[in-house]
Amino acid sequence: MRTSTVFDCTMLTLPINHRDNGNLTAINNREEVPFDIQRIYYLYDVPGGLSRGGHAHLELQQLVVALSGSFDIIMDDGKVKRTFTLSRPYMGLYVPAGLWRELDNFSSGSICMVLASQPYSEADYFREYNEFLAWKSEK
């Protein structure tokens, strides 16, 4: 959405089902996330010093979780940037549509899981920052 800002991003604490033999976290549509999950993907083996992301979505919402290790997400609404560090598998960052994102500072062995509100669609992407800025400034 054009009106989304970095302040619409929210850190969500996911439920922990603690047992002596290990913890379990379950994520349900419209309970722990404010959308129906249509796609799940994860990033891993990101070489040191490299980043991922570098795009925005027109309509897609996401919940981003560090399943292992840590990484930073830099959110950008065209006016303000905000950095979130994810490092716990029971913490997720809710990312609404209409924000530019970059992921970097991946620790060794980190795994980034993304729960998405829609199946993949190239038409939903802004891959050029200047196009994103122009879209955000439209009334």
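See the structure shown above.
Parameters and conventions
- Residues numbered from 1 in each chain as written.
- Predicted model: local features only at pLDDT ≥ 70, side-chain atom pairs only at ≥ 80, totals over all residues.
- Heavy atoms only, no water.
- Helix = DSSP H or I, 4+ residues; strand = E, 2+ residues; numbered from the N terminus.
- Polar contact = N/O pair within 3.5 Å; in protein donor to acceptor, adjacent residues only side chain to side chain.
- Contact = heavy atoms within 4.5 Å.
- Buried < 20%, exposed > 50% of the residue type's maximum accessible area, 1.4 Å probe, protein only.
- Arc of directions from axis to C-beta.
- Pairing = 2+ DSSP bridges.
- Salt bridge = Lys/Arg side-chain N within 4 Å of Asp/Glu carboxyl O.

Visitor: Is there a simple way to think about the side chain of S110 in this case?
Guide: By the element assignment, S110 lies in the loop between β10 (100-104) and β11 (111-116). Only 3.0 Å separates the side chain of S110 from the backbone oxygen of S107, close enough to count as a polar contact. In contact with S110, other than residues within four places in its own chain, are L43, Y44, D45, S68, G69 and S70.

Visitor: What am I meant to see in helix α1 (residues 129-137) here?
Guide: Within an α-helix, residues lying three or four positions from one another point in the same direction, as the helix has 3.6 residues per turn. Within α1, burial applies to F132, W135 and K136. Looking straight down α1, one finds its buried side chains confined to an arc of 100°; they lie on one side. α1 presents N130 and S137 as exposed residues on the side facing more than 90 degrees away from its buried surface. In this fold, the buried residues of α1 make contact with β5 (52-57), β7 (71-76), β10 and β12 (125-126).

Visitor: How should the sheet that holds β10 be read in this particular structure?
Guide: Backbone-to-backbone hydrogen bonds pair the strands of a sheet. The strands run either parallel or antiparallel. Strand order in the open sheet formed by five strands is β8-β7-β10-β5-β12, with antiparallel pairing between adjacent strands. Of all strands in the sheet, those with a lone pairing partner are β8 (81-86) and β12, marking the two edges. In terms of strand pairing, β7 meets β8 through six bridges, oriented antiparallel. Among the inter-strand pairings, I73 is bridged to a residue of β8, identified as F84.

Visitor: How should the pattern of salt bridges be read in this particular structure?
Guide: Any two side chains of opposite charge can pair if their charged atoms end up close together. What the rule picks out here adds up to two salt bridges. The closest approach of N and O atoms between D36 and R30, which form a salt bridge, is 3.6 Å. In this structure D36 comes out as partly exposed when scored by relative accessible area, which is 32%. Classification of R30 as exposed rests on a relative accessible area of 56%. One salt bridge connects R127 with E122, and the closest N-O pair in it is separated by 2.8 Å. Its relative accessible area of 40% is what places E122 among the partly exposed residues.

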